[in-house]
Protein chains: 2
Amino acid sequence: MGSGRILVAQGGGPTAVINQSLVGVALEARRFRDVTRVYGALHGVRGIVDEEFVDLTQETSHNLELVAATPSSALGSTRDKPDEQYCAEIFHVLRAHEIEHFFYIGGNDSSDTVRIVSEQARAAGYPLRAIHIPKTIDNDLVGSDHTPGFPSAARFVAQAFAGANLDNASLPGVYVGVVMGRHAGFLTAAAALGKKFPDDGPHLIYVPERTFELERFLADVKETYARHGRCVIAVSEGIHDASGAPIATLLAKDVEKDAHGNVQLSGTGALADLLCDAIKARLGIKRVRGDTFGYLQRSFIGCVSDVDQREAREVGEKAVQHAFWGERDGSVAIRRTGFYSADYALLPLTDVAGKTRTMEDEFIAANGTDVTDAFRLYLRPLLGSGMPDAFRLRCARVPKILKP
Amino acid sequence: MGSGRILVAQGGGPTAVINQSLVGVALEARRFRDVTRVYGALHGVRGIVDEEFVDLTQETSHNLELVAATPSSALGSTRDKPDEQYCAEIFHVLRAHEIEHFFYIGGNDSSDTVRIVSEQARAAGYPLRAIHIPKTIDNDLVGSDHTPGFPSAARFVAQAFAGANLDNASLPGVYVGVVMGRHAGFLTAAAALGKKFPDDGPHLIYVPERTFELERFLADVKETYARHGRCVIAVSEGIHDASGAPIATLLAKDVEKDAHGNVQLSGTGALADLLCDAIKARLGIKRVRGDTFGYLQRSFIGCVSDVDQREAREVGEKAVQHAFWGERDGSVAIRRTGFYSADYALLPLTDVAGKTRTMEDEFIAANGTDVTDAFRLYLRPLLGSGMPDAFRLRCARVPKILKP
């Protein structure tokens, strides 16, 4: 090889373990004697076209380990979605810096960026090795059993609903928790793992893989409330009607006639508030509370799956190994090989780039408002060790004296 | 003593450690040979007037320990605020069941309930010992250094802001996090403990102890955004204008003319959304995100301070010791005796009942948008051991070639 310079960058929404992959690349690359420099681009592809690089070789392994355990993207991220021209600029900079290995940690869009850059290098006869390293809390990359970042976010959602259920049991009413996920319901479905006893919440789960009908929703809530005297609901921010229009927008028009502008899905409590308003108005239930998990679910420090940490580190390491010992570009994928163990593979970029996975039918219960045992078995080992657990009093009632 | 029956109940909002106090009472009471039964009332004072009692004596110590480590109120809670007549009914039931020791775990309202019941027993010549056991995430009980439940909620808020700051640094913009606290800003101020580096957020903190002025708020945000290219803000749900009117209500009228009904402070994302709308509209900043921590901050399972757990257990134990070995009714208070150590005292009920503590002036910075080092020293030891920590890359920039 030539320059011995490699480049790594992080794109899209941060996760609790994305720095594990970054550090996996940096530390594994140091083991290859051909590598002279490990560069990091600041704020993803934006930092590449702006030539904003830091030299990760000039960092201690001790601090790299501490950064690995820190959530969010240590190099910074970007929401830029590169088109062909943008990718040509990326390639232009890689060539100028004589970078012959490019690692990009990100989701669907990032894999597509790597695909285009890879193709442009080949067309130009430039000796580039380009590897996509997966991450997304949405778990919506095709070809992987799951994606790094999802297990830790799922753990947050499961713990949040375990707690919300206890709170709701203590002061009964209706609780609506809105979880991230525009097209894929995996993260919302993780709420089911917060349930322990048969009458625990979440009692109802709504994912974007199923059409949301307000009337059926209200009927579900009414029935659950009648049975349990309370109701805990997990709702994906991406729920939509039969036409595909997000409910957040539809309800905003119904309930608040002159709401202005588009209702964004994250970073606003609108959907939770609107569903709560509908429950109060239509079902006459007094205590109705809505929480939007927002950015807490992806950036909360101190809630992480150790399985996720380990795998995120490994996909970074495997990316370097594939780059130096393999013969083609690709996207690192996680394969499940046991209950529970994982291995890694390198998929062709065209198998992953720009594609979106949604929840498989066998993971969604027939009634459309719960998950299946197959999903519980799928997710449980990913949540990692030390999951907190909830216990109840089981003691006998005391006979009444005044009002027997 | 007579019947040997004691009663314990839990009132108001749940906390992460309120069951520690319950179990502290149950286990400590068993050590007194005079105690024949430990009753628990379901759903607080409501369960007393309805005679809904369970017999905690018929529970294993093993399961009691597991319940102690479970957040929220294991006996259930209530929002009932008893008046004199309601307290008379409570006393009527206590007398019917020959209960001579009454322990109520709760906040300001609960302490007032204990006070009235205590006075009615004395007036009737009934030999009742009534003890109030403190709990509230608001930290607004007078006479205590702090209240059980607050440290764990503060830890959640600090961890949430540490993560939100990392997320915001990765994808810069404005982030508004709305924290519980109607009159006291302690919990919102805890956001400051999530800050590590000088340019970290939260950059601005707004508590109900200071009048909120929208124009000044926007000027603060504008200045911070100009300096750091981003801005992380902690806002108490109870912020109000000079007349004492909650901003949630005021802004709702301004921004959304035909919003109907009262804006409740918790369980809705309205305040965060309205502040975000104001920032977008007035400052022209594009990426503005708001999260309302809602019920997550008080019921999240798996985020707890071990100091808080220990103290919540001890106030329960001390309540029993005061009841059996002391000579008067009262409210258990936490005293700080070292950095860090605590001891307990029994305050007269009239010193605590119905009073509200707010943040002391020495805890709020002169500019009104930050806390002081005195507050940091006050809070840090309460957060307990094992606080997660955030680290940064410190490596050198790579010289530019194309755009030097």
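Residues numbered from 1 in each chain as written. Chains lettered and ligands numbered in written order. Predicted model: local features only at pLDDT ≥ 70, side-chain atom pairs only at ≥ 80, totals over all residues. Heavy atoms only, no water.

**Some thoughts on helix α4 (residues 84-96) of chain A**
The α-helix advances 3.6 residues per turn, and as a result positions three or four apart in sequence lie on the same side.
Residues and elements named next belong to chain A.
Move 1: Its 13 residues place the ends of α4 18 Å apart at the C-alpha level, agreeing with the 18 Å of an ideal helix rising 1.5 Å per residue.
Move 2: On its buried side, α4 packs onto β1 (5-10), α2 (44-49), β3 (53-55), β4 (99-106) and α5 (108-124).
Move 3: Where α4 ends, the next residue or the one after it, Glu98, has phi of about 55 degrees, a positive value. (Helix = DSSP H or I, 4+ residues; strand = E, 2+ residues; numbered from the N terminus. Expected span 1.5 Å × (residues − 1). Contact = heavy atoms within 4.5 Å.)

**Points about the relation of the copies chain B and chain A**
Move 1: Take chain B, turn it by 180 degrees, move it 0.0 Å along the axis, and it overlays chain A with an RMSD of 0.0 Å. Read as a symmetry element, the transformation amounts to a two-fold axis. In terms of C-alpha distance to the rotation axis, chain B has Gly269 of chain B as its closest residue, with the C-alpha 2.2 Å off the axis.
Move 2: Counting the interface residues of chain B, we find that 100% of their copies in chain A are interface residues as well, pointing to one common contact surface. (Least-squares fit on C-alpha atoms with pLDDT ≥ 70 in both.)

**Overview of the packing of helix α1 (residues 18-30) of chain A against helix α3 (residues 61-68) of chain A**
Residue and element names in this part refer to chain A.
Move 1: In the contact formed by α1 and α3, the axes pass within 8 Å of each other and the chain directions differ by 155 degrees. Classified by the angle between their axes, α1 and α3 sit roughly antiparallel to one another. Contacts between α1 and α3 involve Asn19, Gln20, Val23, Ala26, Leu27 and Arg30 on the former and, on the latter, Ser61, Leu64, Glu65, Val67 and Ala68.
Move 2: Within the contact of α1 with α3, the residues separate by chemical class into six nonpolar, three polar and two charged. (Axes fitted to C-alpha atoms, helices over the stretch in contact; angles between N-to-C directions. Parallel < 35°, antiparallel > 145°, perpendicular 65-115°, else oblique. Nonpolar A, V, L, I, M, F, W, Y, C, P; charged D, E, K, R; others polar.)

**Digging into the packing of aromatic side chains**
Move 1: Per the counting criterion, the structure on display carries 38 aromatic pairs over all chains.
Move 2: Between Phe363 of chain B and Phe375 of chain B the ring centres are 5.4 Å apart and the planes differ by 70 degrees, which places this aromatic pair in the edge-to-face class. Of the two residues, Phe363 of chain B is situated in the loop between α13 (349-352) and α14 (373-379) and Phe375 of chain B in helix α14; the sequence distance between them amounts to twelve residues. In this pair, the class of Phe363 of chain B matches that of Phe375 of chain B, namely buried.
Move 3: Linked through ring pairs, Phe156, Phe161, Tyr175, Phe293, Tyr295 and Phe300 of chain A together with Phe156, Phe161, Tyr175, Phe293, Tyr295 and Phe300 of chain B together constitute an aromatic cluster.
Move 4: The ring centre of Phe391 of chain B lies 3.6 Å from the NZ or CZ of Lys196 of chain B, which sits over that ring. (Phe/Tyr/Trp six-rings, centres within 6.5 Å; stacked < 30°, edge-to-face > 60°. Buried < 20%, exposed > 50% of the residue type's maximum accessible area, 1.4 Å probe, protein only. Lys NZ or Arg CZ within 6 Å of the ring centre and 35° of its normal.)

**Some thoughts on the pairing of strand β10 (residues 330-338) of chain B**
Put simply, side chains in a regular strand alternate between the two faces of the sheet.
Residues and elements named next belong to chain B.
Move 1: As paired elements, strand β5 (residues 129-134) and β10 share two bridges and run parallel to each other. In the sheet register, His132 faces β10, and the bridge partner there is Ser331.
Move 2: Bridging between β10 and strand β11 (residues 341-347) involves seven bridges; their strand directions are antiparallel. Note on β11: the bridge partner recorded for Val332 is Leu346.
Move 3: Between β10 and β11, which pair antiparallel one after the other, the connecting turn spans two residues. (Pairing = 2+ DSSP bridges.)

**Considerations on the nonpolar core**
Move 1: Counting residues in hydrophobic clusters, the biggest one holds 82 residues, and the most contacted among them are Phe375 and Leu379 of chain A together with Phe375 and Leu379 of chain B.
Move 2: Beyond its immediate chain neighbours, meaning those up to four positions away, Phe375 of chain B contacts Phe186, Ala189, Ala190, Leu193, Met359 and Phe363 of chain B.
Move 3: Val23, Val35, Val54 and Ile131 of chain B belong to the second largest nonpolar core, which has 34 residues in total. (Core = buried A, V, L, I, M, F, W, Y, C linked by side-chain atoms within 4.5 Å.)

**A few points about the sheet that holds strand β7 (residues 204-206) of chain A**
Residues and elements named next belong to chain A.
Move 1: Here four strands make up an open sheet; going across it, the order is β7-β8-β6-β9 and the pairing parallel. With one partner strand each, in any of the chains shown, β7 and β9 (288-292) form the two edges of the open sheet. When strand polarity is set aside, the average angle formed by the axes of neighbouring strands in this sheet is 15 degrees.
Move 2: With six bridges joining them, strand β6 (residues 174-179) and strand β8 (residues 231-236) adopt parallel strand pairing. Each bridged residue has a counterpart across the sheet, and for Gly177 the counterpart in β8 is Ala234.
Move 3: Against the sheet, helix α6 (residues 150-170) touches β6 and β8, its axis set at about 170 degrees to β6.

**Considerations on the interface of chain B and chain A**
Move 1: Opposite the 93 residues of chain B that make contact, chain A presents 93 residues.
Move 2: Taking both partners together, chain B and chain A bury about 7400 Å²; carbon and sulfur atoms supply 57% of that area.
Move 3: Between the two partners, chain B and chain A, sit eight salt bridges.
Move 4: Put simply, Arg298 of chain B and Asp167 of chain A hold a salt bridge, and the shortest N to O gap is 2.7 Å.
Move 5: In this structure, the connection of chain B to chain A is made through 42 residue pairs in polar contact (both at pLDDT 80 or more).
Move 6: Those elements giving two or more residues to the side of chain B that touches chain A turn out to be β3 (53-55), α3 (61-68), α4 (84-96), α6 (150-170), α10 (270-283), β9 (288-292) and α11 (296-299) of chain B.
Move 7: Element by element, the count of residues in the side of chain B that touches chain A is highest for α6 of chain B, at ten residues.
Move 8: Per-class residue counts for the side of chain B that touches chain A are 44 nonpolar, 28 polar and 21 charged. (Buried area = accessible area lost by both parts, 1.4 Å probe. Salt bridge = Lys/Arg side-chain N within 4 Å of Asp/Glu carboxyl O. Polar contact = N/O pair within 3.5 Å; in protein donor to acceptor, adjacent residues only side chain to side chain.)

**Points about unusual backbone geometry**
Move 1: The omega torsion of the bond from Phe339 of chain A to Tyr340 of chain A falls at 5 degrees, within 30 degrees of zero and hence cis.
Move 2: Within the secondary structure, Tyr340 of chain A sits in the loop between β10 (330-338) and β11 (341-347).
Move 3: Notably, Ser72 of chain B is not glycine yet its phi reads approximately 70 degrees, a positive angle.

**Overview of the side chain of Thr15 of chain A**
All names here are of chain A.
Move 1: Along the polypeptide, Thr15 turns up in the loop between β1 and α1.
Move 2: Owing to a relative accessible area of 0%, Thr15 belongs among the buried residues under this scheme.
Move 3: At 3.1 Å, the side chain of Thr15 forms a polar contact with the backbone nitrogen of Val17.
Move 4: One polar contact links the side chain of Thr15 to the main-chain amide nitrogen of Ile18, over a distance of 2.9 Å.
Move 5: Non-local contacts of Thr15, meaning those with residues more than four positions away in its chain, are made with Pro71, Ser72, Lys135, Thr136, Ile137, Gly149 and Arg298.

**Quick word on the domain arrangement of chain A**
Residue and element names in this part refer to chain A.
Move 1: You can read the domains of chain A as domain 1 (5-148 + 304-352) and domain 2 (151-301 + 361-383).
Move 2: Placing a centre on the C-alpha atoms of domain 1 and another on those of domain 2 gives a separation of 33 Å.
Move 3: Each partner contributes to the interface: domain 1 provides 22 residues, whereas domain 2 provides 17 residues.
Move 4: Summed over both sides, the interface between domain 1 and domain 2 buries roughly 1600 Å², with carbon and sulfur atoms accounting for 62% of that surface. (Domains from an automatic or database assignment.)

**Points about the UniProt feature "binding site: Mg(2+)" (unreviewed entry) in chain A**
Residue and element names in this part refer to chain A.
Move 1: The residues that UniProt annotates with the feature "binding site: Mg(2+)" (unreviewed entry) are Asn108.
Move 2: With respect to the secondary-structure elements, Asn108 resides in helix α5.
Move 3: Those residues in contact with Asn108 that lie beyond four places of it in its chain are Asp140, Leu141, Gly354, Lys355 and Thr356. (UniProt positions renumbered as here; feature names shortened; annotations may be inferred.)

**Some thoughts on the sheet that holds strand β5 (residues 129-134) of chain A**
Residues and elements named next belong to chain A.
Move 1: Within the open sheet, the seven strands sit side by side as β3-β2-β1-β4-β5-β10-β11. Their pairing is mixed. Only two strands of the sheet have a single partner each, and these edge strands are β3 and β11. The average undirected angle you get between the axes of adjacent strands in this sheet is 30 degrees.
Move 2: Direction of pairing for strand β2 (residues 37-41) relative to β3: antiparallel, over a ladder of three bridges. From the neighbouring strand, Ala41 faces β3, where its bridge partner is Phe53.
Move 3: Of the strands in this sheet, β1, β2, β4 and β5 are in contact with α1, which crosses β1 at around 175 degrees.

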